[in-house]
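Observations on the model geometry
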Amino acid sequence: LGTVSGGVVEAVRDDVRALMGRGARWVLLLLAVQAFASVAIPSIPFLPGEQSHFAILDQQRNAAFAGLSHFGEFWAIFRDNLFEAMKDLLPGAGVLSFLSSTYDTARIVQVDALAAGRLSPSLYTGYYFLFPHTWIELSGYAVAMFQALRIAALWVRTAGRPRFVRFIAAHVFSSVCLVALV
């Protein structure tokens, strides 16, 4: 990082190299943390009032999908997941968003499992990992979290240099594109 260049093409190239290099290990670690938390959290009893809160959120989610075509459901899920990933891109606040969305999703699935009554909540959650969409969704969140950490590190290392704002803006744009692709 000797010079700060602000081109989007350079930022994309740099971000892809980072993601394919050492970043791949970070993304896999973040993915593993999410997968473990998604299965472990539903085995923990709800706090007082928490089950009813997540049951209401689950009902609201189900009502939002009622009457949608398959494409409409796909688009709504894609849009919501992309919005969540974009929140994860925020340096600092993105970590809280990442942790919160992982926890909330695990709890909503736990509510679904208890309503279905067939499997334990952890097994019910594990069932989702049989489908590719779960891995794609969690990978998008992990890439977003890695990119947020990377942007924060770039910010610290390049602050005050010429074209600093343009450089960071190019990396933010590159990150949004990478997350949208995943």
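Keep in mind that this is a model prediction, so the values were computed, not measured. (Residues numbered from 1 in each chain as written. Predicted model: local features only at pLDDT ≥ 70, side-chain atom pairs only at ≥ 80, totals over all residues. Heavy atoms only, no water.)

Among the nonpolar cores identified, the biggest contains 19 residues, and L19, V27, L30, F146 and V179 are the most heavily contacted of them. Elements with a minimum of two residues in this core: helix 1 (8-20), helix 2 (22-40), helix 7 (132-158) and helix 8 (164-181). It is helix 7 that contributes the most residues to this core, seven residues altogether. Apart from the residues lying within four places of it in its own chain, the contact partners of V179 are L82, A85, M86, L89, G140, V143 and A144. One finds I151, F164, F167 and I168 within the second-largest nonpolar core, a separate group that totals five residues. (Core = buried A, V, L, I, M, F, W, Y, C linked by side-chain atoms within 4.5 Å. Buried < 20%, exposed > 50% of the residue type's maximum accessible area, 1.4 Å probe, protein only. Helix = DSSP H or I, 4+ residues; strand = E, 2+ residues; numbered from the N terminus. Contact = heavy atoms within 4.5 Å.)

A separate point is the packing of helix 5 (residues 93-116) against helix 6 (residues 121-128). Between helix 5 and helix 6, whose axes approach to 9 Å, the crossing angle comes to 115 degrees. By the angle between their axes, helix 5 is roughly perpendicular relative to helix 6. As helix 5 runs across helix 6, the sense of the crossing is right-handed. For the pair helix 5 and helix 6, contact is made by V109, Q110, D112, A113, L114 and A116 and by P121, Y124, T125 and Y128, respectively. Taken together, the residues of the contact of helix 5 with helix 6 sort by class into seven nonpolar, two polar and one charged. (Axes fitted to C-alpha atoms, helices over the stretch in contact; angles between N-to-C directions. Parallel < 35°, antiparallel > 145°, perpendicular 65-115°, else oblique. Left-handed = near helix turned anticlockwise from the far one by under 90°. Nonpolar A, V, L, I, M, F, W, Y, C, P; charged D, E, K, R; others polar.)

Scanning all chains against the criterion turns up seven salt bridges. Here E84 and K87 are joined by a salt bridge, their closest N and O atoms 3.0 Å apart. Taken together, the positions of E84 and K87, both in helix 4 (residues 70-88) and three residues apart, correspond to about one turn of that helix. Counted as one network, the salt bridges with shared partners bring together D14, D15 and R150. (Salt bridge = Lys/Arg side-chain N within 4 Å of Asp/Glu carboxyl O.)

Picture a little ball the size of a water molecule; that probe, rolled over the atoms, points out where space is still empty. In this structure, the largest pocket occupies an estimated 1,400 Å³ of space. Every residue lining the largest pocket is counted, 42 residues in all, and those nearest its centre are I77, N81, T105, E137 and Y141. Those elements that place two or more of their residues in the lining of the largest pocket are helix 2, helix 3 (50-65), helix 4, helix 5, helix 6, helix 7 and helix 8. A per-element tally of the lining of the largest pocket places helix 4 first, with 12 residues. Its volume calculated, the second largest pocket comes out at about 310 Å³. Lining the second largest pocket are 12 residues; nearest its centre among them are A18, R22, F146, R150 and R157. Contributions of two or more residues to the lining of the second largest pocket are made by helix 1, helix 2 and helix 7. Considering every element that reaches the lining of the second largest pocket, the biggest residue donor is helix 7, with six residues. For the lining of the second largest pocket, the residue count by class is seven nonpolar, one polar and four charged. (1 Å grid on protein atoms, 1.4 Å probe; cavity = no way out; pocket = protein on both sides within 12 Å on 5 of 7 lines; lining within 4 Å. Points joined across faces, edges and corners; volume = space filled by probe spheres on them.)

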